[in-house]
Amino acid sequence: MSFGEDDASRLLTAVLERPPEPGEARAIAEQVERARRHAVATNLAGTGELFTVETHAHAATLRGLAQGGDR
Amino acid sequence: MSDPLAWSLGRAAQAIRDREISSFELTEAALERAHATQPSLNAFIEIEDETALAAAAAADEALAAGVAMGPLHGVPLAHKDMYDRKGRVTGCGSKIRKDHVAATTATVIARLDAAGQIHLGRLNMSEFAVGPTGFNAHHGRACNPLDPARITGGSSSGSGAAMASGSAFAALGSDTGGSIRIPAACCGIVGIKPTQGRVSRHGAMPLSASQDCIGPLTRTVADAELVLSLIAGADPLDPASIDAPPVERAPTVAALRIGVVRQGFFADGLDPEVAGSIVEATRILERAGASIIEAKLPPMEDVIELANLVAMSEGAAIHLDWLRQRPQEYGEQVRARLVQALGTAAPVYLRALQLRATLLARTLAETFASCDALLVPTMPTLPPISADVEVGASEAMTRVLVGLSKFTRPFSFLGLPALSVPMPATAAGLRPSAQLVAGPWQEGLLFTLGDALEREASGRSD
């Protein structure tokens, strides 16, 4: 079941407490699909290692490299 | 004397120190150029004649009195309208913040003030730095000095136009997905997005906490290096800034390994003149002694989408109250792009942040284990005709806008430093742009490579 413009319109009205302006509902519906396709339905992380990856790990890596850590 | 407004930043600073020209004369000339080009280029939101000339006169007096000078003593600069200066308006290119008076001064501005800069004014930008075209519903678009019918690129649109037209000697931009590199590419100048955390963002308008970077647009690689050296460094006022090693050039291009992409992403569907310029850039670096290898890259289409997803989610969080209460005060496209982020669920956003770390580790292990820097185009095309990318909030919006930034956005997500360098002009006078990308904290290596490209592209003999 896909998330359509009517769903997006209801989401926007619930969150922003106003009806959609032109283009907004379509843009939201489109983003739901793009997010699913590229962030969820991918194998970018290989097999399951995201379980232990913290959301600030990127910055921690840069800090470590700045202090002379290995890549 | 050659036209002082064509000088590099370094040359201008030296000329003032040597009393070849006064700060007042240089500032007056820059202001005249700014006013003369404003009707056709719309690079400025505000030109500060009175305060600029007063500051320049004071700089000349200080020089005459032998007061210690910073490296930019008396040189006129202008910056994107998003950096706080205490007691002055920071409008963010918007209607909502058009009268906002700053209570503090941004760290980058304070550091350039300490170096002796003169402020010429506030430069045009995409509203709230959202958008790679440079269009602005409130202030009008800045026009490209190389061809006013074409976009300047954005979001640092006025920075690109002012630098290419000789109205300033350096301009700060900001880059969340390409907003320094794209205007640099469109306007035929140099721009660097530093490593994430290299430059403090205190007092700068936020869009994306994870990907916002501050850097300069300049006319030469050495100027970009000079400005970056002045603004870089950890800042207690920005906890996300990182205490990193200073920027140091590689001693030579020889022995560096350059990764190029001859098919697939970064190669397919390129404008022929852009493709030709990358081939030429590869030859230049090879002649200088670099070894050229085929780069292995992570799945870039996914990286672009993750970058956009994260940046717009963070932007929407910042703008949520105004999106609720003052939606009519946004331009249609900016509002639609920010609202679009409501389609990203919180767990998906957090997953994207987890993937960011994973993809950085993968890029360091797979890409930068076998090369020192990547050489790819900054944009897939020459700067488009404005009318061709005026998509508003239509169905084409995301495709067109993400398409313009497809070669810059991935490196924002990865947090890597990237330098855009103009290549020789096309028959139409446009400048295709080469993008050099290195591992974290390797900006110096980029300057070494960029300087080699610039030397041949400009016919410089040093």
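Residues numbered from 1 in each chain as written. Chains lettered and ligands numbered in written order. Predicted model: local features only at pLDDT ≥ 70, side-chain atom pairs only at ≥ 80, totals over all residues. Heavy atoms only, no water.

Under the convention used in this document: UniProt positions are given in the numbering used here, feature names are shortened, and annotations may be inferred rather than shown by experiment.
Chain B has the name Indoleacetamide hydrolase in an unreviewed UniProt entry, where Jiella pelagia is given as its organism. UniProt annotates chain B under Function (unreviewed entry) with the comment "Hydrolyzes indole-3-acetamide (IAM) into indole-3-acetic acid (IAA)."

Description of the overall build of chain A
To keep it simple, the criterion reads: Runs of H or I in DSSP of at least four residues are treated as helices and runs of E of at least two as strands, each being numbered from the N terminus. The globule rule is 2.2 Å times the number of residues to the power 0.38, and the radius of gyration it is compared with is taken over C-alpha atoms.
Along chain A, the regular secondary structure elements total 3 helices and 0 strands. Along chain A, helices and strands appear, N-terminal first, in the series α-α-α. Its C-alpha atoms give chain A a radius of gyration of 19 Å, clearly above 11 Å, the size a compact globule of 71 residues would have. By its C-alpha atoms, chain A is 50 × 25 × 20 Å across when sized along the principal axes.

Some thoughts on the interface of chain A and chain B
Our working rule: Any two residues whose heavy atoms approach within 4.5 Å at even a single point are treated as in contact. Buried area counts how much accessible surface, traced with a 1.4 Å probe, disappears from two parts once they are put together, with both parts' losses summed. Whenever Lys or Arg places a side-chain nitrogen within 4 Å of a carboxyl oxygen from Asp or Glu, that contact is recorded as a salt bridge. Only Asp, Glu, Lys and Arg are considered charged, only Ala, Val, Leu, Ile, Met, Phe, Trp, Tyr, Cys and Pro nonpolar, and every remaining residue, Gly among them, polar.
Between chain A and chain B, the residue contacts involve 37 residues of the former and 54 residues of the latter. For the pair chain A and chain B, the two sides together bury roughly 4000 Å², of which 61% comes from carbon and sulfur. Glu305 of chain B is the salt-bridge partner of Arg34 of chain A, the closest N and O atoms lying 2.4 Å from each other. Counting residues per element, the ones that place at least two in the side of chain A that touches chain B are helix H1 (5-16), helix H2 (24-40) and helix H3 (57-66) of chain A. Broken down by element, the side of chain A that touches chain B gets its largest block of residues, 12 residues, from H2 of chain A. Here the side of chain A that touches chain B is built from residues that sort into 20 nonpolar, 7 polar and 10 charged.

Topic: the sheet that holds strand S11 (residues 433-438) of chain B
Strand pairing in a sheet relies on backbone hydrogen bonds. The paired strands run either parallel or antiparallel. All names here are of chain B. To be explicit about the condition: Strands are labelled as partners when DSSP assigns at least two bridges between them. Orientation is described by axes fitted as lines to C-alpha atoms, over the contacting stretch for helices, and by angles from 0 to 180 degrees between their N-to-C directions.
Ordered in space as S4-S6-S5-S10-S11-S9-S7-S8, the 8 strands form an open sheet in which the pairing is mixed. What marks the edges here is a single partner per strand, and that holds for strand S4 (171-175) and strand S8 (291-294). The mean angle between the axes of side-by-side strands here comes to 25°, regardless of whether they run parallel or antiparallel. Sheet topology places S4 next to strand S6 (residues 213-218); 5 bridges connect them, and they run antiparallel. Residue pairing across strands places Ala171 opposite Leu217, the latter belonging to S6. Relative to the sheet, helix H8 (residues 272-287) contacts strand S7 (257-260), S8, strand S9 (373-377) and S11, its axis offset from that of S9 by approximately 155°.

Details of the confidence of the model for chain B
It should be kept in mind that the predicted coordinates are not to be read in detail where pLDDT is low. What counts is decided by this rule: A residue's pLDDT is the predictor's confidence in that residue, given on a scale from 0 to 100.
Mean pLDDT over chain B: 96, with 99% of residues reaching 70 or higher. Predicted complex, confidence summary: ipTM 0.93, pTM 0.97.

Overview of unusual backbone geometry
Residues and elements named next belong to chain B. The criterion, for reference: For every residue, the accessible area (1.4 Å probe, protein chains only) is compared with the maximum for its type, and the residue is labelled buried under 20%, exposed over 50%, or partly exposed between those bounds.
For the peptide bond that leads from Gly154 to Ser155, omega is 15°, which places it in the cis range. Among the structural elements, Ser155 can be located in the loop between strand S3 (118-123) and helix H5 (157-165). If you check the backbone angles, Ala129 has positive phi at about 65° while not being a glycine. Since its relative accessible area comes to 7%, Ala129 is described here as buried. Even without being glycine, Ala255 reaches a positive phi, approximately 80°. Assignment of secondary structure puts Ala255 in the loop between helix H7 (221-231) and S7.

Concerning the UniProt feature "domain: Amidase" (unreviewed entry) in chain B
Here, UniProt's "domain: Amidase" (unreviewed entry) annotation points to residues 25-446 of chain B. What you have in residues 25-446 of chain B is 38% helix and 13% strand, and the ends, taken at the C-alpha atoms, are 34 Å apart.

Observations concerning the pattern of salt bridges
For the structure on display, the rule yields 30 salt bridges over all chains. One salt bridge connects Arg10 of chain A with Asp7 of chain A, and the closest N-O pair in it is separated by 3.0 Å. One end of the pair is Arg10 of chain A and the other is Asp7 of chain A, both in helix H1 and 3 residues apart, which spans about a single turn. The exposure class assigned to Asp7 of chain A is partly exposed, which follows from its relative accessible area of 27%. We note a salt bridge from Glu20 of chain B to Arg11 of chain B, for which the minimum N-O separation is 2.9 Å. Note on Glu20 of chain B: relative accessible area 36%, which makes it partly exposed. Several salt bridges share partner residues, and in doing so they unite Glu46, Glu48, Asp81, Arg85, Arg88 and Arg122 of chain B into one network.

A few points about H7 of chain B
Buried within H7 of chain B are the following residues: Val221, Asp223, Ala224, Val227, Leu228, Leu230 and Ile231 of chain B. Positive backbone phi, approximately 125°, marks Gly233 of chain B, located one or two places after H7 of chain B.

Some thoughts on helix H12 (residues 397-404) of chain B
Taken across its 8 residues, H12 of chain B has 6 buried, putting it largely inside the fold. Turning to H12 of chain B, its buried residues are Met397, Thr398, Val400, Leu401, Val402 and Leu404 of chain B. Of the surrounding secondary structure, the elements contacted by the buried residues of H12 of chain B are H2 of chain A together with helix H6 (181-187), helix H9 (300-325) and helix H10 (332-340) of chain B.

Quick word on the nonpolar core
All names here are of chain B. Stated precisely, the cut-off is as follows: Joining through side-chain atoms within 4.5 Å is the link that ties buried Ala, Val, Leu, Ile, Met, Phe, Trp, Tyr and Cys residues into a set, and such a set is a nonpolar core.
In terms of nonpolar packing, the biggest core is built from 106 residues, with Ile258 and Leu285 touching the most fellow members. Excluding anything up to four places from it in sequence, Ile258 contacts Leu285, Ala290, Ser291, Ile292, Ile293, Cys371, Ala373, Leu375 and Leu449. Residues Val274, Val303, Val402 and Leu414 belong to the second largest nonpolar core, which totals 50 residues.

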